[in-house]
Amino acid sequence: MTYDALHVFDWIKARSGDNPVYIWGHSLGTGVATNLVRRLCERETPPDALILESPFTNIREEAKSHPFSVVYRYFPGFDWFFLDPITSSGIKFANDENVKHISCPLLILHAEDDPVVPFQLGRKLYNIAAPSRSFRDFKVQFVPFHSDLGYRHKYIYKSPELPRILREFLGKSESERQH
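Residues numbered from 1 in each chain as written. Predicted model: local features only at pLDDT ≥ 70, side-chain atom pairs only at ≥ 80, totals over all residues. Heavy atoms only, no water.

Trainee: When you look at the packing of aromatic side chains in this model, what are you seeing that I'm missing?
Mentor: The description of two aromatic rings rests on the distance between their centres and on the angle between their planes. A full pass over the atoms with the stated rule returns 4 aromatic pairs. When the centroid spacing of 5.6 Å and the interplanar angle of 70° are considered together, the rings of Phe119 and Phe142 count as edge-to-face. Residue Phe119 is located in helix α6 (residues 119-129), and its partner Phe142 is located in strand β4 (residues 140-145); the two are separated by 23 residues in the primary sequence. Note on accessibility: Phe119 and Phe142 belong to one class, buried. Note on Phe142: relative accessible area 11%, which makes it buried. Within the aromatic cluster, the residues linked to one another by ring pairs are Phe119, Tyr126 and Phe142. (Phe/Tyr/Trp six-rings, centres within 6.5 Å; stacked < 30°, edge-to-face > 60°. Helix = DSSP H or I, 4+ residues; strand = E, 2+ residues; numbered from the N terminus. Buried < 20%, exposed > 50% of the residue type's maximum accessible area, 1.4 Å probe, protein only.)

Trainee: Quick question: what am I supposed to make of the nonpolar core here?
Mentor: One recurring pattern in soluble globular proteins is that nonpolar side chains are buried together. By size, the foremost hydrophobic cluster in this structure holds 28 residues, and its most contacted members are Leu50, Ile102 and Leu106. Only α1 (2-15), α2 (29-42), β2 (49-53), β3 (106-111), α6 and β4 provide two or more residues apiece to this core. Broken down by element, this core gets its largest block of residues, 6 residues, from α2. Other than its neighbours up to four places away in sequence, Leu106 contacts Leu50, Leu52, Val99, Ala129, Phe135, Lys139, Val140, Gln141 and Phe169. If you look at the next biggest cluster of nonpolar residues, it comprises 13 residues, including Ala111, Val143, Phe145 and Ile165. (Core = buried A, V, L, I, M, F, W, Y, C linked by side-chain atoms within 4.5 Å. Contact = heavy atoms within 4.5 Å.)

Trainee: When you look at the pairing of β3 in this model, what are you seeing that I'm missing?
Mentor: Remember that side chains alternate between the two faces of the sheet whenever the strand is regular. Of all 6 residues making up β3, 6 are buried, and the element is well covered by its neighbours. The two faces of β3 match: Leu106, Ile108 and His110 on one face and Leu107, Leu109 and Ala111 on the other face are all buried. The pairing of β2 with β3 spans 4 bridges and is parallel. Counterpart to Glu53 in the pairing with β3 is Leu109. As paired strands, β3 and β4 are joined by 6 bridges and run parallel to one another. Within the sheet, the bridge partner assigned to Ala111 lies in β4 and is Phe145. Tracing the backbone out of β3, into α6 and back to the parallel element β4 gives a crossover that is right-handed. (Pairing = 2+ DSSP bridges. Right-handed = clockwise from strand over helix to strand, strands pointing away.)

Trainee: Explain the pattern of salt bridges to me, please; I cannot follow it from the model alone.
Mentor: Tallied over the full model, the rule gives 6 salt bridges. Linking Glu97 and Lys100 is a salt bridge whose minimum nitrogen-to-oxygen distance equals 3.6 Å. Relative accessible area serves as the criterion here: at 34%, Glu97 is assigned to the partly exposed category. Between Arg164 and Glu168 there is a salt bridge, with the nearest N and O atoms lying 3.0 Å from each other. Placement of the pair is Arg164 and Glu168 together in helix α7 (residues 162-170), with a separation of 4 residues, close to one helical turn. (Salt bridge = Lys/Arg side-chain N within 4 Å of Asp/Glu carboxyl O.)

Trainee: Any chance you could explain α2 here in plain terms?
Mentor: Because the α-helix completes a turn every 3.6 residues, residues three or four places apart line up on one side. Compared with an ideal rise of 1.5 Å per residue, which puts 14 residues at 20 Å, α2 spans 20 Å between its outermost C-alpha atoms and is within 8% of the ideal. For α2, a buried count of 11 out of 14 residues is recorded, marking the element as mostly surrounded by other parts of the structure. Taken as a whole, α2 has its buried residues at Thr30, Gly31, Val32, Ala33, Thr34, Asn35, Leu36, Val37, Arg38, Leu40 and Cys41. Next to the buried residues of α2 lie α1, β1 (22-26), β2 and α5 (95-98). Directly after α2, the chain includes Glu44, whose backbone phi takes a positive value near 65°. (Expected span 1.5 Å × (residues − 1).)

Trainee: Whenever I open this one, unusual backbone geometry confuses me. Can you help?
Mentor: Leave glycine aside and you will find that most residues have negative phi; peptide bonds, for their part, are mostly trans. Positive phi, normally seen in glycine, also occurs at Ser27, with a value near 55°. Classification of Ser27 as buried rests on a relative accessible area of 14%. A positive phi angle is found at Glu44, which is not glycine, with a value near 65°. Topologically, Glu44 is positioned in the loop between α2 and β2. A relative accessible area of 70% places Glu44 in the exposed class.

The structure is reproduced here in structure tokens:
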């Protein structure tokens with residue numbers, strides 16, 4: 001998926017002119033997004049920003065806290081039977097490691113009432129990224145959405161505040177971009 005995303009990015013970038021190109025990953029897609037942006041930064045062609053919605057730290061921590069694993073996680077051998085095969089097959093989605101190699105602005109959005117990817121994993125990822133030397137010249141921001149809003153895992157897009165959050169983070173208004 002990362003390889004495909006790299007080709008899609010190159011295709012879009014070649015056709016975008018002077019328009020900014022942002023990478024936005026949601027949930028499992030944050031793993032693909034950080035894999036992609038890490039590679040883009042390593043080849044010195046970073047996107048204009050990376051936005052992670054409901055991210056996790058790494059696939060092992062996410063699998064341990066996923067609702068589907070709740071019945072099994074306390075059984076002996078859970079790590080060996082469920083988690084080891086995931087990582088031994090090469091599926092890492094190590095957002096926590098990737099953010100240490102990313103050099104572009106990073107925005108993390110997470111709902112406190114997310115039942116799929118626990119809020120604390122998004123906060124933990126921010127706490128790893130924020131002090132990283134790779135971000136020393138770039139903005140890193142974490143935006144929590146209170147559980148009273150009911151956005152859970154996939155409804156942050158409904159927030160009336162989201163356009164303002166994005167405008168402020170990305171630093172330009174629509175009118176400025178058109179001129």
